[in-house]
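This is what each chain is made of:
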Amino acid sequence: MMFASRFESTIKAQFFGHTHFDEMELFYPQEDPYRASSVAYVGPSVTPYYDLNPGYRIYYIDGDYPTSTRTVVDHETWVTDLGEANRIRAPELKWYKLYSAKEAYGLKSLSPIDWDNLIMSMYKDWKLFNSYYRFYYKNSPVAPPCDEDCRTRILCDIRSGKSHAREELCRPRPTNFRPSRDTFEVQKPPSRLTSFWSTISTA
């Protein structure tokens, strides 16, 4: 992952499969653990393993022109209702768009930092998280319920692109944490000298 962080201006995204779920992971530089630097998109599977609807994802990339950023500008997930198809013995599957990322989450962009802001919001917003969870299971009618422990685990999974750093990455952020212009930083308390001069100037 150090390679992806070092070349984050070149590596616009990472693309994976295998988990069968519709999900993603974020990566954070070791020297700046509160700033998301890379996104790994984990596309859904066409196979229904297990308790899932079949699905696939379409990515929209900034186009092929001289000043293109090559960034992912949006993605859509399409699914089919396998239970309904079996019930009516459908001769072919009917696919429908489950969601697009920008529309469903109200994202300005699909940058790592915008994704990170969204994920952090899910810790407090159950409605927002439930939307992610429904998409995660590809709108499966038999998705298991997700309680507080389940939510914590899934959000931790997203933030743990580096699995060996899971404990570190899933810790709560400092209460004085705030975003800066290009990155995230933790506000440092004023030094004693600064506090001393501040007291004199207001006296």
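The structure reproduced in this document is the subject of the present report. This structure is a prediction, so every number in the text was calculated from the model and none was measured.

The next point concerns the overall build of the protein. Scanning the protein for helices and strands turns up eight helices and eight strands. Counting every position in the protein, which comprises 203 residues, the buried fraction comes to 38%. Taking the contacts inside the protein whose residues are at least 6 apart along the sequence as the reference set, 52% of them involve residues at least 24 apart. Carbon and sulfur atoms make up 55% of the accessible area of the protein, which amounts to about 12800 Å² in all.

Before going further, it helps to examine the state of the cysteines. For the structure shown, the criterion picks out one disulfide. A sulfur-sulfur separation of 2.0 Å characterises the disulfide bridge that pairs C146 with C150. Judged by the sign of its S-S torsion, about -100°, the cystine formed by C146 and C150 is left-handed. Judged by relative accessible area, C146 falls into the buried class, the value being 16%.

Together, V46, Y56, L93 and W95 give the surface a local cluster of nonpolar side chains, amounting to about 340 Å² of exposed area. As for its placement among the helices and strands, V46 is situated in the loop between β3 (38-42) and β4 (55-61). By relative accessible area, which is 53% here, V46 ends up exposed.

Here we come to the packing of helix α5 (residues 126-136) against helix α6 (residues 148-159). One way to put it is that α5 packs onto α6 with a least axis distance of 12 Å and a crossing angle of 70°. Comparing their axes, α6 and α5 come out roughly perpendicular. In this structure, α5 contributes W126, F129, Y132, Y133 and Y136 to the contact, and α6 contributes E148, C150, R151, I154, L155 and I158.

So, about the packing of aromatic side chains. With the rule as written, the count across this model stands at 18 aromatic pairs. Ring centres of Y105 and F135 lie 6.0 Å apart, and the angle between their planes is 70°; this geometry places the pair in the edge-to-face category. On the criterion of sequence distance, the pair formed by Y105 in helix α3 (residues 101-105) and F135 in helix α5 is long-range, its members being 30 residues apart. As far as the burial class goes, Y105 and F135 line up, both buried. An aromatic cluster of three or more residues is present, and its members are F15, Y41, Y59, Y99, Y105, W115 and F135. Between R151 and the ring centre of W126, over which it is positioned, the NZ or CZ distance is 3.9 Å.

Attention now moves to the pattern of salt bridges. This model, assessed by the stated rule, comprises eight salt bridges. As a salt-bridge pair, E8 and R35 come within 2.9 Å of each other at their nearest N and O atoms. Of this pair, E8 sits in the loop between α1 (2-6) and β1 (14-16) while R35 sits in the loop between β2 (23-27) and β3; the two residues are 27 residues apart in sequence, bridging distant segments of the chain. Look at E8 and you get partly exposed, because its relative accessible area is 29%.

Take the nonpolar core next. Ranked by size, the top nonpolar core spans 34 residues in total, and within it L26, Y105, W115, M122, Y132, Y133 and I154 carry the most contacts. Counting residues per element, the ones that place at least two in this core are β2, β3, β5 (72-80), β6 (95-100), α3, α4 (112-122), α5 and α6. For this core, the element with the most residues is α5, which contributes six residues. Residues contacting M122, with those up to four places away along its chain left out, are Y105, L128, F129, Y132, R151 and L155.

α5 packs onto α4 with a crossing angle of 110° between their chain directions and a minimal axis gap of 7 Å. When the interaxial angle is binned, α4 and α5 end up roughly perpendicular. In contact with L118, S121 and M122 of α4, α5 contributes L128, F129 and Y132.

What the three strands build is an open sheet, ordered β4-β5-β6; its pairing is antiparallel. Of all the strands in the sheet, just β4 and β6 have a single pairing partner and so form its edges. Recorded for the sheet is a direction-independent mean angle of 30° between the axes of neighbouring strands. One ladder, built from five bridges, connects β5 with β6; its direction is antiparallel. Paired with V79 across the two strands is Y96, which belongs to β6.

Criteria and cut-off values
Residues numbered from 1 in each chain as written. Predicted model: local features only at pLDDT ≥ 70, side-chain atom pairs only at ≥ 80, totals over all residues. Heavy atoms only, no water. Helix = DSSP H or I, 4+ residues; strand = E, 2+ residues; numbered from the N terminus. Buried < 20%, exposed > 50% of the residue type's maximum accessible area, 1.4 Å probe, protein only. Contact = heavy atoms within 4.5 Å. Areas by Shrake-Rupley, 256 points an atom, 1.4 Å probe, with all protein chains shown as cover. Disulfide = S-S within 2.5 Å. Patch = residues over 30% accessible without salt bridge, like charges linked within 9 Å, V, L, I, M, F, W, Y side chains within 5 Å. Salt bridge = Lys/Arg side-chain N within 4 Å of Asp/Glu carboxyl O. Axes fitted to C-alpha atoms, helices over the stretch in contact; angles between N-to-C directions. Parallel < 35°, antiparallel > 145°, perpendicular 65-115°, else oblique. Phe/Tyr/Trp six-rings, centres within 6.5 Å; stacked < 30°, edge-to-face > 60°. Lys NZ or Arg CZ within 6 Å of the ring centre and 35° of its normal. Core = buried A, V, L, I, M, F, W, Y, C linked by side-chain atoms within 4.5 Å. Pairing = 2+ DSSP bridges.

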